[in-house]
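A structural walkthrough
Next come the chains, spelled out residue by residue.
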Amino acid sequence: MVSIKVLSLTLLLFLVNCSDCYHVLLVFNLPGKSLSILGESFVRHLLNAGHEVTYVTPFPMKNKPKNNFHEVDVSEGVDKLFAEICNITFLLENTHFESDEEEIMHLGVEVAEMTLTNPNMLKLLNDKTQKFDVVVGDYLASELVAGIAYYYDCPMIWSYSMGVDSAILKLVHEPTNPSYIPDYISLNIPPMSFKQRVGELWTLIRNTWVKRHSVMPRELAFYKKFYKPLLEKKGKPLPAYEDVMYNASLVLVNSHQASGGLAAIPQSVKLIGGHHINGPVAPLPDDLKEIMDSSTNGVIYFSMGSIWKSASMPITLRDNLVRMFGSLKQTVLWKFEEDIPNLPKNIHTLKWAPQHSILAHENCMLFITHGGLGSSTEALHFGVPIVGVPISFDQFLNINRAVSKGYALSVKLSYNLHNDLKVAIDTIATDPSFKSNAKALSEIYHDRPVKPGVEIPHWVRHVVRTRGAPHLRSPALMVPWYQKTYLDLVALVLLVVLSLFLLVKKLMFTVKSAKVKSN
Ligand SMILES: *[C@@H]1O[C@H](CO)[C@@H](O)[C@H](O)[C@H]1NC(C)=O
Ligand SMILES: *[C@@H]1O[C@H](CO)[C@@H](O)[C@H](O)[C@H]1NC(C)=O
């Protein structure tokens, strides 16, 4: 009797629970290791909330979850694409790369094409038993992945790791005003000078043009070739690419108000920055703990994330850095994949670094970083000042924001890096305002009603349950740009003024000639 009751209760609980459980397709296909950290955090939060997750990634997970989890490995050939950005020697010799947005946009398309045509991805798409309730895609410059959501008849959500800027806002709302929201790889911080504002406007116009006339034709060709036969098998027509492009229900942005620079944000954009920093910080390994505990002059943590492959650094620069770090009174923890011979006593290289635990230690006085949004967020989370060495993408903007907030200094990547870093380290070590600013911002960052990790399953569920959350959709998407800018009104006013002018001119001419005649 009792056991039947217990059984039916369990069954009931199970049913209640799973009327809300969905199958989520996570397409985190961008080949950045730091982005895969965010992707794995999505996996974890969604699984914990009881959903089933299929995770498309170029970085197969090391400790794969056992239940409700499927992985689609799309690593084939992808590392070649990013070899250049990961090569410090190449970057030192080709300083143009950082600012070539056309190159970045085409890279985005190339990644999307490679992901979709990957044999494992094709196997998934051609498996008729697969059904998904929602697709979450990581966004960089191309919307090709959004076709998958249409293919599965489900809503599309973008994840975006570069803050809130025109590149992402145009998909769910409209581009923002470039006079106070700079482009994501820009160096400008508002308020901007006349020249800077004109520059930002030009960047926005140029990017729009490049997307439309250089990137989109290529995307369109691929879109037709790839999706048409797939959709035909399901008896569905191929929708216009633009209808798919601008159809996402939501954008989840890895950013937070504390990092600043945010303006009005539409209802379909949610800030979930910091969701990957989970729970209490793991304790340091014993040897590292001993080093950090005994470093009374402070610890400098130096890590260029996954971007800076130490093997790609010129030996002369490496040796100069070692010499400079060796002259400091602080301890230096350097994430570096190789052993360096004859290291000074105060330098320790780490092949693997428990970044959160290091940053959380009270003796950690400085974080030298490339300034990816992941690392920038972590510095904010733990309240540690930064010296940024930005290399590409949004790193310039992240670091510049941190500089304008008074807890960071920016240093250019060059053969003179060791000297520039020394100046920056000395400045931060002697000026306590960097630390107090970092701590104050960290407090703002932590003061929120719910943890960001809670928001992921919440919004995903919300979008599925409301069939694409049309109530969050911005009305701006229905209005053409010339109407939003009132160019039609300007045209009308000009027309009226011109007509009046011509009319007056004509009248005056008639009056004049009438006078001439009567004379
Ligand atoms: C990095 O780039 C340099 C210069 O372009 C090249 O000579 C070198 O082989 C590259 N190293 C790696 C590890 O790819
Ligand atoms: C747009 O999204 C809605 C809601 O998710 C979906 O029903 C519709 O099929 C989508 N249309 C296109 C063209 O992607």
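So, how was this worked out
Residues numbered from 1 in each chain as written. Chains lettered and ligands numbered in written order. Predicted model: local features only at pLDDT ≥ 70, side-chain atom pairs only at ≥ 80, totals over all residues. Heavy atoms only, no water. UniProt positions renumbered as here; feature names shortened; annotations may be inferred. Near = heavy atom within 4 Å. Areas by Shrake-Rupley, 256 points an atom, 1.4 Å probe, with all protein chains shown as cover. Nonpolar A, V, L, I, M, F, W, Y, C, P; charged D, E, K, R; others polar. Domains from an automatic or database assignment. Contact = heavy atoms within 4.5 Å. Buried area = accessible area lost by both parts, 1.4 Å probe. 1 Å grid on protein atoms, 1.4 Å probe; cavity = no way out; pocket = protein on both sides within 12 Å on 5 of 7 lines; lining within 4 Å. Points joined across faces, edges and corners; volume = space filled by probe spheres on them. Helix = DSSP H or I, 4+ residues; strand = E, 2+ residues; numbered from the N terminus.

- As annotated in an unreviewed UniProt entry, the chain carries the name UDP-glucuronosyltransferase and is attributed to Plutella xylostella.
- Quoted verbatim from the Sequence similarities (unreviewed entry) field of UniProt, the annotation for the chain is "Belongs to the UDP-glycosyltransferase family."
- Its UniProt record, at the heading Catalytic activity (unreviewed entry), says of the chain: "glucuronate acceptor + UDP-alpha-D-glucuronate = acceptor beta-D-glucuronoside + UDP + H(+)".

Looking at the site of ligand 1
- What surrounds ligand 1 is the set Asn87, Thr89, Phe90 and Glu93.
- Considering ligand 1 on its own, with 370 Å² of exposed area, one finds that the protein chains cover 39% of that surface.
- Partitioning the shell around ligand 1 into residue classes produces one nonpolar, two polar and one charged.

As for the domain arrangement of the chain
- Assigned domains within the chain: domain 1 (18-275 + 452-478), domain 2 (286-446) and domain 3 (482-518).
- Just the C-alpha atoms count here: the centres of domain 1 and domain 2 sit 29 Å apart.
- Listed per partner, the contact involves 35 residues of domain 1 and 28 residues of domain 2.
- Interface area, domain 1 with domain 2, both sides summed: about 2800 Å², of which 67% is carbon and sulfur.

Section: the layout of surface pockets
- In this structure, the second largest pocket spans a volume of roughly 1500 Å³.
- Forming the walls of the second largest pocket are 48 residues, and the residues nearest its centre are Lys170, Glu174, Pro175, Leu204 and Thr208.
- In terms of residue count, helix α9 (residues 194-233) provides more of the lining of the second largest pocket than any other element does, 11 residues in total.
- In the lining of the second largest pocket, the residues fall into 30 nonpolar, eight polar and 10 charged.

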